[in-house]
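# Overview (structure and organization)
One letter stands for each residue in the lines below.
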Amino acid sequence: MKRLIPLAGAMGIALITGSNAHALDGEALYNTGTNPPCAACHRQGQGDTPETGNTDDWAERAEQGIDALVATAQDGIPDASPPMPPMGPQASEEELRAIIEYMLSQID
Ligand code: HEC
């Protein structure tokens, strides 16, 4: 019976970790979560990059809805200038969603 106690403790930790995964910090991931980070291009609107916080740059793109934007971030945009790398290999879908929710929260 004693062996059940540490097992229950480990399960408790697993549950706590699981619930934290939903509270991702989109702003921090935007700044440092990938290489290059989203901020490297999106903060200043490098080339054709839609600038974070610029409503004109984002209004039409945002109309696609978050699911389409997450899918685009996973695949990247190879023929853009500068080309946006596929972020799927570097960040989970949940992380990309948190980042893009942060980016969209910066426009009116
Ligand atoms: C190397 C530069 C670069 C980096 C780094 C970058 N992007 Fe982009 N991103 C672009 C460019 C350029 C476009 C616009 C492409 C176009 O529409 O021609 C774009 C467009 C987008 C769009 C709009 C897609 C659409 O359908 O209109 C989203 C969403 C996006 N990026 C998310 C991200 C996220 C999230 C990250 C980090 C995980 C990231 N980007 C990192 C260059 C970059």
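Attention in this report is confined to the structure presented alongside it. (Residues numbered from 1 in each chain as written. Predicted model: local features only at pLDDT ≥ 70, side-chain atom pairs only at ≥ 80, totals over all residues.)

### Structural notes on the packing of helix H5 (residues 66-75) against helix H6 (residues 93-105)
- H6 packs onto H5 with a crossing angle of 115° between their chain directions and a minimal axis gap of 9 Å. The handedness of the crossing between H5 and H6 comes out as right-handed. Here Ile66, Leu69, Val70, Ala73 and Gln74 of H5 lie close against H6, whose contacting residues are Glu93, Leu96, Arg97, Ile100 and Glu101.
- Taken together, the residues of the contact of H5 with H6 break down into 6 nonpolar, 1 polar and 3 charged. (Axes fitted to C-alpha atoms, helices over the stretch in contact; angles between N-to-C directions. Helix = DSSP H or I, 4+ residues; strand = E, 2+ residues; numbered from the N terminus. Left-handed = near helix turned anticlockwise from the far one by under 90°. Contact = placed C-beta atoms within 7 Å. Nonpolar A, V, L, I, M, F, W, Y, C, P; charged D, E, K, R; others polar.)

### Examining the site of the ligand
- Around the ligand, a shell composed of 25 residues is seen, among which Cys38, Cys41, Arg61, Ala80 and Met84 lie nearest.
- Of all the elements in the fold, those that place two or more residues in the shell around the ligand are helix H3 (38-42), H5 and H6.
- In terms of residue class, the shell around the ligand is made up of 16 nonpolar, 7 polar and 2 charged. (Near = placed C-beta within 6 Å.)

### Quick look at the nonpolar core
- In this structure, Leu29, Tyr30, Val70, Ala73, Leu96, Ile99 and Ile100 are the most contacted members of the largest nonpolar core, which totals 14 residues.
- When residues of this core are traced back to their parent elements, those giving at least two are helix H2 (26-32), H5 and H6.
- Looking at which element gives the most residues to this core, the answer is H6, with 5 residues. (Core = buried A, V, L, I, M, F, W, Y, C linked by C-beta atoms within 7 Å. Buried ≥ 20, exposed ≤ 12 C-beta atoms within 10 Å, placed from the backbone.)

### Thoughts on the environment of Pro86
- By secondary structure assignment, the location of Pro86 is in the loop between H5 and H6.
- Expressed as a C-alpha distance, the spacing of Pro86 and Ala71, which sit 15 residues apart in the sequence, is 9.8 Å.

### Things to note about unusual backbone geometry
- A cis amide bond links Asn35 with the next residue in sequence, Pro36, at an omega value of -5°.
- Along the chain, Pro36 falls in the loop between H2 and H3.

### Let's talk about H5
- All buried positions along H5 are accounted for by Leu69, Val70 and Ala73. Relative to the axis of H5, the buried residues are bounded by an arc of 100° and lie together on one face. Of the exposed residues in H5, the ones pointing more than 90 degrees away from its buried face are Asp67 and Ala68.
- Of the surrounding secondary structure, the elements contacted by the buried residues of H5 are helix H4 (55-62) and H6.
- Of the residues one or two after H5, Gly76 is the one with positive phi, at around 80°. (Arc of directions from axis to C-beta.)

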